[in-house]
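In case you want the letters, here they are:
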Amino acid sequence: NDRSDIVQQITKACQEYGLFQVINHGVPDEMMADMRVLYDEFFNMPVEDKLGVYAEKFGNGCTLYTSGLNYAKEDVHYWKDTLKHDCHPLEEHAPSWPEKPTRYREEVGKYSIEVRKMGFKILELIAEGLGLNKGHFEEVAQAQSMAINHYPPCPDPSLAMGIGGHTDPNLITFLQQDHYGLQIQKDGQWMGIEPIPNAFVVNLGYQLQIISNGMLKSAEHRGVLNSTASRTSIVTFFGPNRTLPLVVEPAKELVTSTTPQVFKPYLYNEFLAEYLAFIRKPGPRNGTPLDLYRI
């Protein structure tokens, strides 16, 4: 009810952690529960029922893949299967989604619409906290996609990872998690994010850090495993449309004589190419993909 208090809480969390959890978000609890059931059903289907969307490496369109983005060239393999597809506009992307379970396209379509409504509400609150105009993030949040990560029980979690430490390249990410497994990097330590029933974890990507001129931080995070229960995370990403020549840069309102510009302008599709090259580079990595764009 107190909008100014909510804006203040979100701004503080975005500055300190790059991540927060949100309840009373408008996505119905029943819908969230139905999604958990749907994805349990999907990942437990016979292999032949999933072959229509399976690929050896992640590509465009709807793809089911194992481990990371390119299994054959990975230094480390991850203990997970991932189904990934675009969501907006629905009429363009839904025909490529899985045909089984038969209710998949209808239920996921409704869910993606509700998450989109929530996402833009939260982006408005973040803009307000930065002193930016309503709708400031609209152009850089047009693309919407989902990644559903399924982590089976691991016999020895100390020998494997669900997914390694990384920061999302997009604008903002919304995660629905059912069991503990998400951790973020804070002050050089990995810190666990305990699930809150029917909450979404809101995770800032690199684009929000750049547009805020470094006022907000993006969160490095990873997924750990357990030996007793499978875990499924339902992730929705918002970001710029990678097929358009869209320039991203710090908001001009946030660049002043006392807060000079921290990042130079760039085309988002070029940033994405640099990001993918960075995370696929073999051996230890120094710095972050942001280093290329610092002034």
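Predicted model only: the values in this text are computed from it and were never measured. (Residues numbered from 1 in each chain as written. Predicted model: local features only at pLDDT ≥ 70, side-chain atom pairs only at ≥ 80, totals over all residues. Heavy atoms only, no water.)

A.B. asks: A description of the overall build of the protein should follow, citing residues and the corresponding values.
C.D. replies: From N to C terminus, the protein includes 7 helices and 13 strands. The C-alpha radius of gyration of the protein comes to 19 Å, within 12% of the 19 Å expected for a compact globule of 295 residues. Principal axes of the C-alpha set define a box for the protein whose edges measure 60 × 45 × 35 Å. Sorting the 295 residues of the protein into buried and exposed places 47% on the buried side. Put simply, of all contacts in the protein between residues at least 6 apart along the chain, 74% involve residues at least 24 apart. Surface summary for the protein: the accessible area is close to 14600 Å², and the carbon and sulfur share equals 53%. (Helix = DSSP H or I, 4+ residues; strand = E, 2+ residues; numbered from the N terminus. Rg over C-alpha atoms; globule rule 2.2 N^0.38 Å. Buried < 20%, exposed > 50% of the residue type's maximum accessible area, 1.4 Å probe, protein only. Contact = heavy atoms within 4.5 Å. Areas by Shrake-Rupley, 256 points an atom, 1.4 Å probe, with all protein chains shown as cover.)

A.B. asks: For the pattern of salt bridges, give the residues involved together with the corresponding values.
C.D. replies: Within the structure shown, the criterion is met by 10 salt bridges. R242 serves as the salt-bridge partner of D86, at 3.3 Å between the closest nitrogen and oxygen. Remark: R242 occurs in the loop between β11 (231-239) and β12 (247-248) and D86 occurs in strand β3 (residues 81-86); sequence separation between them is 156 residues. Under the relative-accessibility criterion, R242 is labelled partly exposed at 38%. Here R294 and D291 are joined by a salt bridge, their closest N and O atoms 3.4 Å apart. (Salt bridge = Lys/Arg side-chain N within 4 Å of Asp/Glu carboxyl O.)

A.B. asks: Residue-level account of the packing of aromatic side chains, with values.
C.D. replies: In the structure shown here, the tally under the stated rule is 12 aromatic pairs. When the ring of F42 is compared with that of Y104, the centres are 6.4 Å apart and the planes differ by 50°; the resulting orientation is tilted. With F42 in helix α2 (residues 29-43) and Y104 in helix α5 (residues 104-130), this pair connects stretches of sequence that are 62 residues apart. For the residue pair F42 and Y104, the accessibility class agrees, reading buried in each case. The interplanar angle of 85° and the centroid separation of 5.9 Å between the aromatic rings of F120 and F238 together place this pair among those described as edge-to-face. Placement of F120 in helix α5 and of F238 in strand β11 is noted, with a sequence separation of 118 residues between them. F238 sits in the buried class, given a relative accessible area of 1%. (Phe/Tyr/Trp six-rings, centres within 6.5 Å; stacked < 30°, edge-to-face > 60°.)

A.B. asks: For the sheet that holds strand β4 (residues 143-151), give the residues involved together with the corresponding values.
C.D. replies: Pairing is antiparallel across the open sheet formed by 7 strands, whose spatial order is β1-β9-β6-β11-β4-β3-β2. Edge strands, defined here as strands with exactly one partner in the open sheet, are β1 (19-22) and β2 (63-66). Neighbour-to-neighbour, the strand axes of the sheet open up by a mean angle of 20°, direction not taken into account. As paired elements, strand β6 (residues 172-177) and strand β9 (residues 200-204) share 4 bridges and run antiparallel to each other. By the bridge assignment, T173 is partnered in β9 with N203. (Pairing = 2+ DSSP bridges. Axes fitted to C-alpha atoms, helices over the stretch in contact; angles between N-to-C directions.)

A.B. asks: Can you tell me about the layout of surface pockets, naming the residues and giving the values?
C.D. replies: The probe, sized like a water molecule, is rolled over the atoms to show the empty space still left. One number sums up the size of the second largest pocket: a volume of about 460 Å³. When residues of the lining of the second largest pocket are traced back to their parent elements, those giving at least two are α1 (3-16), β1 and α5. When the residues that make up the lining of the second largest pocket are grouped by side-chain class, the tally is 9 nonpolar, 5 polar and 4 charged. (1 Å grid on protein atoms, 1.4 Å probe; cavity = no way out; pocket = protein on both sides within 12 Å on 5 of 7 lines; lining within 4 Å. Points joined across faces, edges and corners; volume = space filled by probe spheres on them. Nonpolar A, V, L, I, M, F, W, Y, C, P; charged D, E, K, R; others polar.)

A.B. asks: Help me get a handle on the packing of α1 against α5, residues and values and all.
C.D. replies: At their nearest, the axes of α1 and α5 sit 9 Å apart, and the two run at 85° to each other. Between α1 and α5, the angle falls in the class roughly perpendicular. Only E124, L125, I126, E128 and G129 of α5 make contact with α1, whose side of the interface consists of R3, I6, V7, I10, T11 and C14. Considering only residue class, the contact of α1 with α5 consists of 6 nonpolar, 2 polar and 3 charged. (Parallel < 35°, antiparallel > 145°, perpendicular 65-115°, else oblique.)

A.B. asks: Give me the lowdown on a nonpolar patch on the surface, citing residues and values where you can.
C.D. replies: A surface patch of nonpolar side chains, amounting to about 290 Å² of accessible area, comprises V47, L51 and Y54. Assignment of secondary structure puts L51 in the loop between α3 (47-50) and β2. (Patch = residues over 30% accessible without salt bridge, like charges linked within 9 Å, V, L, I, M, F, W, Y side chains within 5 Å.)

A.B. asks: Run through the UniProt feature "domain: Fe2OG dioxygenase" (unreviewed entry) in the protein, naming residues and quoting values.
C.D. replies: Under the present numbering, the feature "domain: Fe2OG dioxygenase" (unreviewed entry) in UniProt falls on residues 142-240. With 6% helix and 45% strand, residues 142-240 has end C-alpha atoms that lie 6 Å from one another. (UniProt positions renumbered as here; feature names shortened; annotations may be inferred.)

A.B. asks: Can you lay out the side chain of H85 for me, pointing to particular residues and giving the numbers?
C.D. replies: Mapping H85 onto the fold places it in strand β3. Among the polar contacts listed, one links the side chain of H85 to the side chain of W97, at a separation of 3.1 Å. Of the polar contacts made by the side chain of H85, one reaches the side chain of Y104; its length is 2.8 Å. If we skip the residues at most four places from it in the chain, H85 touches Y39, G61, C62, W97, Y104, V108, S145 and M146. (Polar contact = N/O pair within 3.5 Å; in protein donor to acceptor, adjacent residues only side chain to side chain.)

A.B. asks: For the sheet that holds strand β10 (residues 221-223), give the residues involved together with the corresponding values.
C.D. replies: The strand order across the open sheet built from 4 strands is β5-β10-β7-β8, with neighbouring strands paired in antiparallel fashion. Of all the strands in the sheet, just β5 (163-166) and β8 (189-192) have a single pairing partner and so form its edges. Pairs of neighbouring strands in the sheet enclose a mean axial angle of 25°, with direction left out of account.

A.B. asks: So what's going on with the environment of V53? Residues and values would help.
C.D. replies: When you line up the elements, V53 lands in the loop between α3 and β2. For the pair formed by V53 and T173, sequence separation is 120 residues and the distance between their alpha carbons is 23 Å. Contacts of V53, omitting those with residues within four sequence positions, involve F42, C62, T63, L64, L83, S96 and P98.

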